[in-house]
Amino acid sequence: MLVRLVSFVIVGLTCSGLALATGTVSLTLTSPSAGQTVPPGSTVNWTIQVTVSTGDNYGLALIACDLVQDLNNPALFDIPPGDAASIPAIMSGFNRPAGISNPGENGAPSGYIGVQRGTAGQKNLIQIGGGQNTFGQAGSVIGTDPIVESGIGQSGPQAILSGSFVAPSVEGTYTFRLENAVANVLTSVGTPPQMSQVSQATVDLSGAVLTFTVGQEVCIGDMNGDGTISFGDINAFVVYQVNFAAWQSTYPGCNPKNGDINCDDVYPAFSDINPFALLMQQTPKPCPNPCP
Amino acid sequence: MKLRAVAAAGLLLALVAPTALLARQSILFNGSLEFGPGPISEDPHVPAGWVRFGPTVERSDEANLVPSGEGHALKAFSSDPQVGAYQDVPVLPGDYVYISASLYTRSTDKLSGDAQAWIILEFYKANNQQAGFYPVAVLNASSPADTWIFASVGPIAAPAQTAYARMTCVWTWNGSAGGSAYWDDCRLTVNGGPNELLNGDFETAGLSEQSPFGIDDWIGFNDQEQSDDFAKDGIYSVKLGTTSAYSGLFQNMTVLNAGDHVYLKAWAWIPSSDPLTENSRAGIKLEFSPNGVVPPPEENLAFNANQPKNTWVQVALNTTVPPGITVARVVCIFGGNPQTTGEVHFDAAWAERGSQPGVNQLLNASFETGPGGANGITNWTEFGSDTATTRKSCFAVPAYQGVCTAKSTGPSFTGIYQEVAVTPGETLFIRAYLYTPSSNPLTGTGAAGVKVEWRYGNVPENIDIGGATNTIYASSPKNTWIPLYIDYTMPSGSNAIGRFVNIIEKGLATSGRVYFDACEAVILNKFNGADADADDDEDLLDFAQFQRAYSGSGGPQRWNGIVFDSDGDNDVDMVDFNYFAPRMTGP
């Protein structure tokens, strides 16, 4: 708190009274699963981060955004709220009771982690985030902390919230994105009881899209789906080449891409035979074995 | 000086602001006029690639030739003698040029009178001198409705010296006409090649210099555009000019019900560099429209130049009151045009409800009472123009009843009307006696008769400019933001859609501009809390606006602050926050 107060006073001394132009707030939706193929039932983790432009404002004052699933996704589900424990300490001033956020639901103390809205079975996560008390006085119920934290989001991406959900059982490509984002930024920072000024920021959502594929993992050369590349794959590879339908019925959980040994996206193809022979010389080899 | 102006404005607002009411809902979007593509933006009513002539031609989604395009055609309808659009294509002398299109008229707005719809192939030399003209009239009043009719011209060899060919779609009339025509799948080919026209299916919208859709959530009309010349809030305002009788910007808001206390506010700026002049004025209006679709009017214009002179002729209309309608506007109407001369007299008007047989619902039905002159017949309202009038006339012709009549004359529509209460489903019989004297008989194609227009009786009268708090004039201060407001409570039994209008009335002025910005419209007694985005909740998005509108105790109140000013003291401060915070419902 002391460090925070000192930094606040410094900013207050240097910035109070200035009126700056509106800044730009960039939101990203990141995940280790982004661009990957994940098996059904696995956990997909996500994180929302914010970056605030510098030189035209003094940092984030409020952020709100929705995490929504594309209606064309192969399967829809209720996105669970984010993990309250993931809220960084520096963002506590945006979360009730210190800050201002929506009321919590289903026992959660705050709606900062998003509230579920929409048709049952395909609910999205609405109005993730919150705002600082910029009024210079403590609120009686929420917004109890009138000390403004400046510079948030201006020294690199600042995590807002993280969460996770279970990858659906239906295979295919899934897309999630942030929508309806609103952000205010500080245009002056006042010392309580002086208020701080805010302005609506331009929000950039170009990096707020998460796409991943649910399906069997690609393991080039694993033709019998046992999780390893070995001589046991030779017979299966022969069936794959001469009777693809029979191979599919024999190894239903095995990704057909596994036979695209030369990774030219053409399969089954005789052009994969020689590369397969070369691959067999390197066995045994564990999965995963993605294309280079 | 600036501080004094601010202080004065604050004092004024303190004097005029509504009394404290705790519950507020904002019903206006983009009131600061910041968002939108700006003046030169896409206008869905403008067909890209085509040159339009006449005021009543537009890209329309009311008709479409399937499968050409996705849902638009070119529409032209009654106004000037010729309205339409054309497109030029370079050709060489001797090239064989062929044009084709499909044309359509709707049964609900069918071509009538001498209206015709054409396609025309023309050839022009490089000096724009016409070298060939090949018109084909495709539709007229006798054409079948709701049917696309194909038409073509050519192939025709381009004459010597031809530089370009022109395909024109045109609606014409020579005196008395109505209805609309549509063109779709227009084609112009050269020597049997591909279609050379751009946007022949009218699916692509074009740009307009002052797009009515340049500011999000608002619709502009006539001389208006988003401007960064001046701004009360943000960096944009709307700039209105005087190239038309009226120009402005409006937004349809929400349904307003009886008892709703509505407060509209905006700030206006008159630049000293181009101020309001003469009797021009500007301001904000609150208009109302029915919360439902009004049925079309019905009329019987049977009285024309063929009627006997010096004889009273009854013209009648028998109808049934449509569902939901509680007011009928009974009209004695004269439809003059430039080819019309003479006068028509009305007398002994009658409107009889099926629920009250034998009772005339009209007051002053034989026009005996009233001072005369403009709008001078008691209980009746006159409409028309400076040259087309309907006025009290006594002893000029032998009246059908009493000694006075209502005399109509002029080159355009005029008449008088009176509203009567009706009940949905009952019959309504309307009649009047009409007369034209041999000394000044009705001639030409003009006609007269009776008409009924339907109204939802629960729609209040508009709050027009001219009031003390919502209007500025040529004498108003220059180069300062002037607060304007309307404080209105919906009357008992009312139910209507409210419309916020920023408007400039040209009057006799030939120049002058007005800027409007920081518009707000709030229902002061609706919603338990502060709903700034009219979605019936109080959530984080409302707080985002609260945070921006926060002024601290003593103000001055910022744009969008009214909805949060729970104690009505013209600021947004901690009192308002402590009212707001416990009422957050979430989305």
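Scroll up to find the structure.
All residue numbers refer to position in the chain's written sequence, counted from 1. Chains carry letters and ligands carry numbers; both start at the beginning, A for chains and 1 for ligands, and go up in the order they are written. Local features in this predicted model are restricted to residues of pLDDT 70 or higher, and side-chain atom pairs are both shown and tallied only at a pLDDT of 80 or more, whereas totals for entire chains, interfaces and linings draw on every residue.

Caption draft 1: Highlighting the nonpolar core. As used throughout, a nonpolar core is a set of buried Ala, Val, Leu, Ile, Met, Phe, Trp, Tyr and Cys residues joined through C-beta atoms within 7 Å of each other. Three classes are used. A residue is buried when 20 or more other C-beta atoms lie within 10 Å of its own, exposed when 12 or fewer do, and partly exposed in between, with C-beta atoms placed from the backbone. Among the nonpolar cores identified, the biggest contains 118 residues, and A64(A) and A268(B) are the most heavily contacted of them. Note on contacts: residues are paired as contacts if their backbone-placed C-beta atoms lie within 7 Å. Ignoring any residue separated from it by four or fewer positions in sequence, one finds A64(A) in contact with Q127(A), I128(A), G129(A), A181(A), V182(A), L540(B), L541(B) and A544(B). Core analysis: the next-biggest nonpolar cluster, separate from the first, contains 42 residues, V83(B), V97(B), A117(B) and L197(B) among them.

Caption draft 2: Layout of the pairing of strand β6 (residues 124-131) of chain A. All names here are of chain A. Of all 8 residues that make up β6, 8 are buried, and the element is covered over most of its length. Inspection of the sheet shows strand β4 (residues 60-69) paired to β6 by 5 bridges, in the antiparallel sense. The partner of C65 across the bridge, within β6, is I128. Between strand β5 (residues 115-117) and the antiparallel strand that follows it, β6, lie 6 residues; G118 among them carries a positive phi value of about 125°. The way it works is that DSSP assigns letters per residue, a run of H or I at least four long becomes a helix, a run of E at least two long becomes a strand, and they are numbered from the N terminus. Here, any two strands with at least 2 DSSP bridges between them count as paired.

Caption draft 3: Structural context of the environment of D223(B). All names here are of chain B. For D223, the position within the fold is in the loop between β16 (219-221) and β17 (224-227). Residue class for D223 comes out partly exposed when judged on the 18 C-beta atoms lying within 10 Å of it. Ignoring sequence-local partners within four residues, the contact set of D223 consists of Q210, L240, G241, T242, T243, S244 and S247.

Caption draft 4: Molecular detail of helix α2 (residues 234-242) of chain A. All names here are of chain A. For α2, the full list of buried residues reads A236, F237 and Y240. The buried residues of α2 occupy an angular sector of 100° when projected down its axis, which confines them to one face. Summarising the geometry of α2, the exposed residues directed more than 90 degrees from the buried face are N235 and V242. In this structure, the buried side of α2 is in contact with α3 (244-250) and α4 (273-280). Each C-beta atom gives one direction from the helix axis, and the arc is the one those directions make.

Caption draft 5: Representation of unusual backbone geometry within the structure. Omega for the peptide link from R96(A) to P97(A) comes to 15°, which places this bond in the cis form. Within the element layout of this structure, P97(A) appears in the loop between β4 and β5. A cis geometry characterises the amide bond from Y267(A) onward to P268(A), with omega recorded as -10°. Within the chain, N30(B) stands out as a residue other than glycine whose phi angle is a positive 55°.

Taken by themselves, the reported measurements are silent on function.
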